[in-house]
Amino acid sequence: APSRGTALLAIPARRNAALRVGVGLNRLTANFSLVVDQLAGAARVSDREAVLMARYLRAREGLWVGSSSAINAAAATKLARALGPGHTVVTVLCDGGHRHLSKFWSDEYLAGVGLGVEEAFERRMLERACGAADDRGDELGFLEGEAAMAHACHAG
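Residues numbered from 1 in each chain as written. Predicted model: local features only at pLDDT ≥ 70, side-chain atom pairs only at ≥ 80, totals over all residues. Heavy atoms only, no water.

A. How the structure looks around the confidence of the model for the protein chain. Averaged over the protein chain, the pLDDT score is 75; the fraction of residues at 70 or greater is 68%. This model gives residues 1-17 a pLDDT under 50, and the stretch forms 38 contacts once residues within four places in sequence are excluded. For residues 147-156, every residue scores under 50 in pLDDT, and the model assigns this stretch 15 contacts once sequence neighbours within four places are set aside. (pLDDT = per-residue confidence, 0-100. Contact = heavy atoms within 4.5 Å.)

B. Geometry of the packing of aromatic side chains. All chains considered together, the criterion is met by two aromatic pairs. Ring geometry for Phe104 and Trp105: centres 6.2 Å apart, planes at 90°, overall edge-to-face. The two residues Phe104 and Trp105 agree in class, both being buried. Aromatic rings pair up to connect Trp64, Phe104 and Trp105 into one cluster. Between Arg55 and the ring centre of Phe104, over which it is positioned, the NZ or CZ distance is 5.9 Å. Taking the ring centre of Trp105 as reference, the NZ or CZ of Arg55 above it sits at 3.9 Å. (Phe/Tyr/Trp six-rings, centres within 6.5 Å; stacked < 30°, edge-to-face > 60°. Buried < 20%, exposed > 50% of the residue type's maximum accessible area, 1.4 Å probe, protein only. Lys NZ or Arg CZ within 6 Å of the ring centre and 35° of its normal.)

C. Here's a closer look at helix H2 (residues 47-61). With 15 residues, H2 ought to run about 21 Å at 1.5 Å a step, and its terminal C-alpha atoms sit 20 Å apart, in line with that. Considered for burial, the residues of H2 that qualify are Asp47, Glu49, Ala50, Val51, Leu52, Met53, Ala54, Arg55, Tyr56, Leu57 and Ala59. Note on H2: the residue one or two positions beyond its end, Gly62, has a positive phi of about 70°. (Helix = DSSP H or I, 4+ residues; strand = E, 2+ residues; numbered from the N terminus. Expected span 1.5 Å × (residues − 1).)

D. Quick look at the pattern of salt bridges. Counted under the stated rule, the structure contains two salt bridges. The partner of Asp107 in a salt bridge is Arg55, and the shortest N-O contact between them spans 3.6 Å. In this pair, Asp107 is assigned in helix H4 (residues 107-112) and Arg55 in helix H2, connecting sequence segments 52 residues apart. (Salt bridge = Lys/Arg side-chain N within 4 Å of Asp/Glu carboxyl O.)

Take a look at the structure:
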């Protein structure tokens, strides 16, 4: 299974998991350790959520993002939902999809690691982006763990 860990959450990550390079490391870097005590919490974003968020951003917003940006967007969305109306959440889209062609944006690679994006999901996102779909529903229903995010952002 693809990596699900992060040093911040003390969850073991699979070593050398390369779908999201640099994410889920089993170490805390020296520069990050300088600010870790200032964090109110951390979000867990699965590989599946990152892949689907990237597809969502491409279809709905015209943004071709990399895995780090997709993770940031998914975490920011979870936080915004946990905080509710009247709050502002800001994130950084720090990488583009052009640097992730061989894995994160490769349908063949993703299918091989069990993260294939259903054609129906992509079609639904494109239809909604073009205004062709009548039933909007919850376009971000693929995000998981919002209850945990609500707890993390209100802790301390």
